[in-house]
Amino acid sequence: MKKALIILISILLFIITVFFAVSMGSVNIPLKEIFNFLFDKGDVINKSIIFDIRLPRVLIAALVGSNLAVAGALLQSVMKNPLADPGIIGVSSGASLGAITIMLIIPQYTYLVPLFAFLGGVFATFLIFILAWKDGIKPIRIILSGVAINAMLGGATSLISVLNSDRIQGILMWVNGSISGRSWNDLNMILVYSIIGLILSFFCIRTSNILLLSDEKAVNLGINVNRTRVLISLLGAFLAGISTSIVGIIGFVGLVVPHISRLVIGSDYKYLLPLSMIGGATMLLLADTFARIVAKPIELPVGTIMAVIGGPFFLYLLRKGEKR
Amino acid sequence: MNAVKISNLCLGYGKKTVIKDFTIDIEKGQMVSIIGPNGSGKSTVLKSLAKLLEPQEGIVYIGKNNITHMSNKEVSTSVSILLQHNTYPADISARDLIYYGRLPHKKWYQTKDQEDEKIIDWVIKNTNLEELQYKKINCLSGGERQRVWLGVALAQQPKILLLDEPTTYLDISYQLELLELVKMLNQRSDMTVVMVLHDLNQASKYSNRVIVLKEGQIVADGDPKEILNKELIRKVYNVESRIYYDEVDGHPIIIPNKNNLGGERI
Ligand SMILES: Nc1ncnc2c1ncn2[C@@H]1O[C@H](COP(=O)(O)OP(=O)(O)OP(=O)(O)O)[C@@H](O)[C@H]1O
Ligand SMILES: [Mg+2]
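Residues numbered from 1 in each chain as written. Chains lettered and ligands numbered in written order. Predicted model: local features only at pLDDT ≥ 70, side-chain atom pairs only at ≥ 80, totals over all residues. Heavy atoms only, no water.

Regarding the overall build of chain A
Part 1 of the argument: The secondary structure content of chain A amounts to 14 helices and 0 strands.
Part 2 of the argument: Beginning at the N terminus, the succession of helices and strands in chain A can be written as α-α-α-α-α-α-α-α-α-α-α-α-α-α.
Part 3 of the argument: The C-alpha radius of gyration of chain A comes to 20 Å, within 12% of the 20 Å expected for a compact globule of 324 residues.
Part 4 of the argument: For chain A, the C-alpha atoms occupy an extent of roughly 65 × 55 × 35 Å along the three principal directions.
Part 5 of the argument: When the 324 residues of chain A are sorted by exposure, 55% land in the buried category.
Part 6 of the argument: Of all intrachain contacts in chain A linking residues separated by at least 6 positions in sequence, the fraction that spans at least 24 positions is 78%.
Part 7 of the argument: Accessible surface, chain A: about 14,400 Å² in total, of which carbon and sulfur atoms supply 72%.
Part 8 of the argument: Averaging the coordinates of the 25 positive side-chain charges in chain A and doing the same for the 14 negative ones gives two points 9 Å apart. (Helix = DSSP H or I, 4+ residues; strand = E, 2+ residues; numbered from the N terminus. Rg over C-alpha atoms; globule rule 2.2 N^0.38 Å. Buried < 20%, exposed > 50% of the residue type's maximum accessible area, 1.4 Å probe, protein only. Contact = heavy atoms within 4.5 Å. Areas by Shrake-Rupley, 256 points an atom, 1.4 Å probe, with all protein chains shown as cover. Lys, Arg positive; Asp, Glu negative; His and termini not counted. Charge placed at Lys NZ, Arg CZ, Asp CG, Glu CD.)

Written out as structure tokens, the structure is:
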């Protein structure tokens, strides 16, 4: 029951964060006025700022945060490694390569971007299993292969960008991981996919838990370990891929959020997964709001903010993992 | 009726073959010990009975079914295994872990019900974990953890129970208790037991059949009273020993007294 309470509190925190994020920005709009809008009153310009600019952005940040945190939590189970974050192990780079290929080479097919981002993410996941899998993935192997895969796919992305440098302007912000200037259209592009992905993740709770045991005991508990591992990895790559397709590479959400959630609520996916979902939304929303207001009127890419927060956290986890 | 039938089985890892041409039948309700030196292939044989290792050649039958054609789920409802090495999330409670033993019997949408609770209570009582059931597994001693894993295997309510060195980590009191519990289950519910033991005297006392392995081959197979003797111990372990017979049930008691290799070196 204590755990249900924690989830309830996290939902409250999320709601508060949403109001905070909607009210803060280049123009601060007081909460009272926001409540007025709910009843169809108030200033027209401010209303437009909120509904046309801030709200879609807030929702995208929350959705992407959820997706990335859940992707991280799932990948951590199948790889038996708490460092498995879509950014670190190269899934996001793969997705980014897939997305950029479409955006720069055949821009008339923009609607294919999420699909190719997903395929790119799957490709990277596949690579990491080939390079690092040895009865689970040891921290050092996952890092090294992640570095290699990120370098490889990042290189390919640069190559495509350079060859199409006339078109690169429009997507420069995207490359760094940014939710700036996203509209309702962008939200619509990933909303359905995200909801499907997040709902599917709830079906992975039991198997994710069992995969934390040895593979042999998992088999003896009736799990088809290989098939399950492939399916859950695909789901992780899907969630990370569609997110990358809309906001570019944002690292560390999938590392930091599941880790803190684990400390707060334990490693049982029945609670860990929902908490990561809500926590991811809150975390990325906070980071994005911070990115908007910290250097007003300049907006920082939220990917950079996450890297600044997540980097030291990652090093800390790495050290802790080595000591054990 | 045979619980397990193994014919011409070859097992190994990658290209390496560890077990060659292994053929045995195990009757329902037998309590079998597999003994042999380190690396002789005991765990390997046990794994093949739980479908953790596909045969390179030959067939394993569980009841009438070829194990290769059974799904993991089917196998896990009739065979459960206590492994030599285990991994687990640090913060799971003993009781929650034992509940995982119920999962083979559940469809994906079914959750814990009254019957599960009853079975888990029974398992916890019989593995003496009542005091410890809500503790995190990380906070338990090696022996206590071993009992939890036995609990997981028992919660599966198997027809065939496989135990890989179940008494490691346990003090002698719990060693006896575990073996007595397994023997009781074996007698009461006709559960077939196949276990790997290192203690020859326990194998001798608690099983009605001993299979002796050396370098992947069966060296002896039968009633411990008939097959356990000085020559066998010398041949398999290269150890000289004395043998006495228990006053009550007549099982052989082996007292090793000289390692031949060590002797030569001096
Ligand atoms: N996963 C594996 N990969 C490769 N070789 C293995 C593997 N597991 C076991 N072996 C090899 O197979 C042989 C038999 O191993 P097995 O674990 O069955 O021995 P054992 O009789 O159980 O030994 P112990 O008494 O030490 O537990 C050994 O030579 C071992 O090196
Ligand atoms: Mg062994």
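Considerations on the overall build of chain B
Part 1 of the argument: A tally of regular secondary structure across chain B gives 10 helices and 12 strands.
Part 2 of the argument: Relative to the globule expectation of 18 Å for 266 residues, the C-alpha radius of gyration of chain B, 19 Å, shows essentially globular dimensions.
Part 3 of the argument: Along the first, second and third principal axes, the C-alpha atoms of chain B reach 60 × 40 × 35 Å.
Part 4 of the argument: Considering only contacts in chain B between residues 6 or more positions apart, those separated by 24 or more positions represent 62%.
Part 5 of the argument: On chain B, roughly 12,800 Å² of surface is accessible, and the fraction owed to carbon and sulfur atoms is 49%.
Part 6 of the argument: Of the charged side chains in chain B, 34 are positive and 33 negative; the average position of the first set lies 3 Å away from that of the second.

Points about empty space enclosed by the protein
All names here are of chain B.
Part 1 of the argument: Counted by the stated rule, this structure contains 1 cavity of 30 Å³ or more.
Part 2 of the argument: Considered as a void within the structure, the largest cavity measures approximately 60 Å³ in volume.
Part 3 of the argument: Around the largest cavity sit Asn126, Thr127, Asn128, Arg147, Leu150, Leu170, Tyr174, Glu177, Leu178 and Leu181, which together line it.
Part 4 of the argument: Breaking the lining of the largest cavity down by element, the ones donating at least two residues are helix H5 (142-155) and helix H6 (172-189).
Part 5 of the argument: Among the elements that take part in the lining of the largest cavity, H6 stands out by supplying 4 residues, more than any other.
Part 6 of the argument: Residue composition of the lining of the largest cavity, grouped by class: 5 nonpolar, 3 polar and 2 charged. (1 Å grid on protein atoms, 1.4 Å probe; cavity = no way out; pocket = protein on both sides within 12 Å on 5 of 7 lines; lining within 4 Å. Points joined across faces, edges and corners; volume = space filled by probe spheres on them. Nonpolar A, V, L, I, M, F, W, Y, C, P; charged D, E, K, R; others polar.)

Notes on the interface of chain B and chain A
Part 1 of the argument: On the chain A side, the residues contacting the 30 residues of chain B number 18 residues.
Part 2 of the argument: Taking both partners together, chain B and chain A bury about 1,800 Å²; carbon and sulfur atoms supply 56% of that area.
Part 3 of the argument: Per-residue buried area on chain B facing chain A is highest for Asn72, Tyr100 and Leu103 of chain B; these three make up 28% of the total on that side. (Buried area = accessible area lost by both parts, 1.4 Å probe.)

Notes on the side chain of Gln175 of chain B
Part 1 of the argument: If you trace the backbone, Gln175 of chain B turns up in helix H6.
Part 2 of the argument: Beyond its immediate chain neighbours, meaning those up to four positions away, Gln175 of chain B contacts Thr167, Leu170 and Gln202 of chain B.

Some words on the sheet that holds strand S10 (residues 217-222) of chain B
Residues and elements named next belong to chain B.
Part 1 of the argument: The mixed open sheet is built from 6 strands, whose spatial order is S6-S7-S8-S3-S9-S10. Two strands lie at the open edges of the sheet, namely strand S6 (79-82) and S10, each paired on one side alone. Strand-to-strand twist of the sheet, defined as the mean angle between neighbouring strand axes without regard to direction, takes the value 15°.
Part 2 of the argument: Against the sheet, H5 contacts S6 and strand S7 (160-164), and its axis sits at roughly 175° relative to S6.
Part 3 of the argument: Of the strands in this sheet, strand S3 (31-35), S7 and strand S8 (192-196) are in contact with H6, which crosses S3 at around 135°. (Pairing = 2+ DSSP bridges. Axes fitted to C-alpha atoms, helices over the stretch in contact; angles between N-to-C directions.)

Here's the deal with helix H4 (residues 114-126) of chain B
Residues and elements named next belong to chain B.
Part 1 of the argument: Across its 13 residues, H4 extends 19 Å between first and last C-alpha, which sits within 8% of the 18 Å expected from 1.5 Å per residue.
Part 2 of the argument: Among all positions of H4, only Asp116, Ile119, Ile120, Val123, Ile124 and Asn126 are buried. Along the axis of H4, the buried residues cluster in a sector spanning 170°; they form a single face. Of the exposed residues in H4, the ones pointing more than 90 degrees away from its buried face are Gln114, Lys118 and Lys125. (Expected span 1.5 Å × (residues − 1). Arc of directions from axis to C-beta.)

Some remarks on the coordination of the magnesium ion (ligand 2)
Residue and element names in this part refer to chain B.
Part 1 of the argument: Here the magnesium ion (ligand 2) is held by the protein donor atoms Ser43 (OG) and Gln84 (OE1), which lie 1.9 to 2.5 Å from it. Of this pair, Ser43 sits in helix H1 (residues 42-49) while Gln84 sits in the loop between S6 and helix H3 (94-100), placing them 41 residues apart in sequence.
Part 2 of the argument: On the accessibility criterion, Gln84 (29% relative accessible area) is partly exposed. (Donors = N, O, S within 2.8 Å, 3.2 Å for Na, K, Ca; no water.)

Points about the site of ligand 1
Residues and elements named next belong to chain B.
Part 1 of the argument: The local shell around ligand 1 holds 14 residues, among which Asn38, Gly39, Lys42, Ser43 and Thr44 are the closest.
Part 2 of the argument: A distance of 3.4 Å is found between a nitrogen atom of ligand 1 and a side-chain nitrogen or oxygen belonging to Tyr13.
Part 3 of the argument: Contact distances for ligand 1 include 2.9 Å between an oxygen atom and a side-chain N or O atom of Asn38.
Part 4 of the argument: Protein burial of ligand 1: of its 630 Å² of free accessible surface, 63% is covered by the chains. (Near = heavy atom within 4 Å. Polar contact = N/O pair within 3.5 Å; in protein donor to acceptor, adjacent residues only side chain to side chain.)

Description of the side chain of Gln30 of chain B
Part 1 of the argument: On the secondary structure map, Gln30 of chain B appears in the loop between strand S2 (16-27) and S3.
Part 2 of the argument: Those residues in contact with Gln30 of chain B that lie beyond four places of it in its chain are Asp25, Asn186, Met191, Thr192, Val193, Asn208 and Arg209 of chain B.

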